[in-house]
Amino acid sequence: MGSEVAIFRLESRTVNTVLKTDRLVEAPNWTRDGKALVINGDGRLYRVDLADPAMIEIDTGFAGTCNNDHGISPDGTLLAISDSTERGSSGIYTLPIAGGQPTAVTDKVPSYWHGWSPDGRTLAYVANRTGTFQVYTIPVGGGAEREITSGFEHCDGPDYSPDGVWIWFNGEKNGAVDLWRIRPDGSDLQKMTDDERVNWFPHPSPDGRHVAYLAYLPGVKSHPRDEHVELRLMPAEGGKPEVLLPLYGGQGTINVPSWAPDSSAFAFVRYDQDK
């Protein structure tokens, strides 16, 4: 499968290709200095400098099965990764942005990282503790986890609003997958989409104006890769979404926060259509 790492620019509504590869790569993060993307592939993480795009491996120590749930701290010094090397199921770790030995954050598995609070103190993630995946938070240095959602058939993709007031996520109820937001203390749950699409991975822009997300066709189950999907944009306070770009992708396209620091663009991955 071929992968194309690309950038969607909001003002011009245009797409620029950053990197093409025959390898399967996923889930770009945009570094805080605006100079590079971080992607995963084959269980490892890679830095792609925008001025000279190439996949430069980041040292993740023992963590050799990193999945597409990774991200960068607000101050740009740390990476959060989700890796199953040591415990056979995904746990969350942090390591220096330039690479190094991972430090465990979560004691329990499975846990999949998705968001970092704006003050840098808390991680948001999904975990299965009672038979379904719900949204949890935990201090970045480890400790007691807190269950934020309940009653959903499945949750994924929690990401903080830039003011820290909301955690956005996709949640399934009665077979319908919509976007939701909730206060970090678990209060004031609000449904933000209500259409026929299967909506996943909401990401608020750093300037607080927009939420980018992925929309599957009606009837799609879970979040597979090989699908005809749309990148969509909606106002941060809710409202009618705009279809930005149809593409072939899904899993791996925008699993994690991928906005440019100045909110002018976001990065994504699309795949060669082979069927």
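Residues numbered from 1 in each chain as written. Predicted model: local features only at pLDDT ≥ 70, side-chain atom pairs only at ≥ 80, totals over all residues. Heavy atoms only, no water.

Here's the deal with the overall build of the chain
Next, step 1: Helix and strand counts for the chain come out as 0 helices and 23 strands.
Next, step 2: Computed over the C-alpha atoms, the radius of gyration of the chain is 17 Å, within 12% of the 19 Å expected from 2.2 N^0.38 for a compact globule of 275 residues.
Next, step 3: Expressed as lengths along the three principal axes of its C-alpha atoms, the size of the chain is roughly 45 × 40 × 35 Å.
Next, step 4: Sequence-distant contacts, at least 24 apart, represent 40% of the contacts inside the chain between residues at least 6 apart. (Helix = DSSP H or I, 4+ residues; strand = E, 2+ residues; numbered from the N terminus. Rg over C-alpha atoms; globule rule 2.2 N^0.38 Å. Contact = heavy atoms within 4.5 Å.)

A closer look at the pairing of strand β23 (residues 265-271)
Successive residues of a regular strand alternate their side chains across the two faces of the sheet.
Next, step 1: Most of β23 is tucked away: 6 of the 7 residues are buried.
Next, step 2: Summarising the sheet, strand β1 (residues 3-9) and β23 pair through 7 bridges and their orientation is antiparallel. Pairing of R9 across the sheet is with A265, part of β23. (Buried < 20%, exposed > 50% of the residue type's maximum accessible area, 1.4 Å probe, protein only. Pairing = 2+ DSSP bridges.)

Points about the sheet that holds strand β6 (residues 56-58)
The pairing of strands in a sheet comes from backbone hydrogen bonds and takes either a parallel or an antiparallel form.
Next, step 1: Spatial ordering of the open sheet is given by β3-β4-β5-β6, a layout of 4 strands whose pairing is antiparallel. In this open sheet, the two edge strands, each paired with only one partner strand, are β3 (26-30) and β6. Averaged over neighbouring strand pairs, the angle between their axes works out to 35° when direction is ignored.
Next, step 2: Examined bridge by bridge, β3 and strand β4 (residues 36-41) share 3 bridges and lie antiparallel to one another. Its bridge partner lying in β4, N29 is registered against V38. (Axes fitted to C-alpha atoms, helices over the stretch in contact; angles between N-to-C directions.)

Re the packing of aromatic side chains
Next, step 1: Across all of its chains, the model carries 10 aromatic pairs by this definition.
Next, step 2: Ring geometry for F152 versus F169: centroids 5.3 Å apart, planes at 85°, classification edge-to-face. A residue pair is termed long-range when its members are at least 10 positions apart, and F152 in the loop between β14 (146-147) and β15 (154-160) and F169 in strand β16 (residues 167-173) qualify at 17 residues.
Next, step 3: Over the aromatic face of W166 sits the side chain of R181, whose NZ or CZ is 4.0 Å from the ring centroid.
Next, step 4: Taking NZ or CZ as reference, R183 lies 3.7 Å from the ring centre of W166, over its face. (Phe/Tyr/Trp six-rings, centres within 6.5 Å; stacked < 30°, edge-to-face > 60°. Lys NZ or Arg CZ within 6 Å of the ring centre and 35° of its normal.)

Topic: the sheet that holds strand β12 (residues 122-128)
Next, step 1: Strand order across the open sheet formed by 4 strands is β11-β12-β13-β14, with antiparallel pairing between neighbours. Two strands in the sheet have a free side with no partner beyond their single neighbour: β11 (111-116) and β14.

Points about the side chain of E230
Next, step 1: Considering the arrangement of structural elements, one finds E230 in strand β21 (residues 227-235).
Next, step 2: Judged by relative accessible area, E230 falls into the buried class, the value being 14%.
Next, step 3: Within the structure, the side chain of E230 is placed 3.2 Å from the side chain of R197, a separation counted as a polar contact.
Next, step 4: Other than its neighbours up to four places away in sequence, E230 contacts R197, Y213, L214, A215, V243, L245 and P246. (Polar contact = N/O pair within 3.5 Å; in protein donor to acceptor, adjacent residues only side chain to side chain.)

A few points about the pattern of salt bridges
Next, step 1: For the structure shown, the criterion picks out 14 salt bridges.
Next, step 2: With a closest N to O distance of 3.6 Å, K191 and D194 form a salt bridge.
Next, step 3: Judged by relative accessible area, which is 65%, D194 ranks as exposed.
Next, step 4: R197 is the partner of E230 in a salt bridge, and the nearest nitrogen-oxygen pair spans 3.2 Å. With a gap of 33 residues between them, E230 in strand β21 and R197 in the loop between β18 (190-191) and β19 (198-204) connect regions that are remote in the sequence.
Next, step 5: What makes R197 buried here is its relative accessible area of 11%.
Next, step 6: The network of salt bridges with common partners includes D195, R197, E230 and R232. (Salt bridge = Lys/Arg side-chain N within 4 Å of Asp/Glu carboxyl O.)

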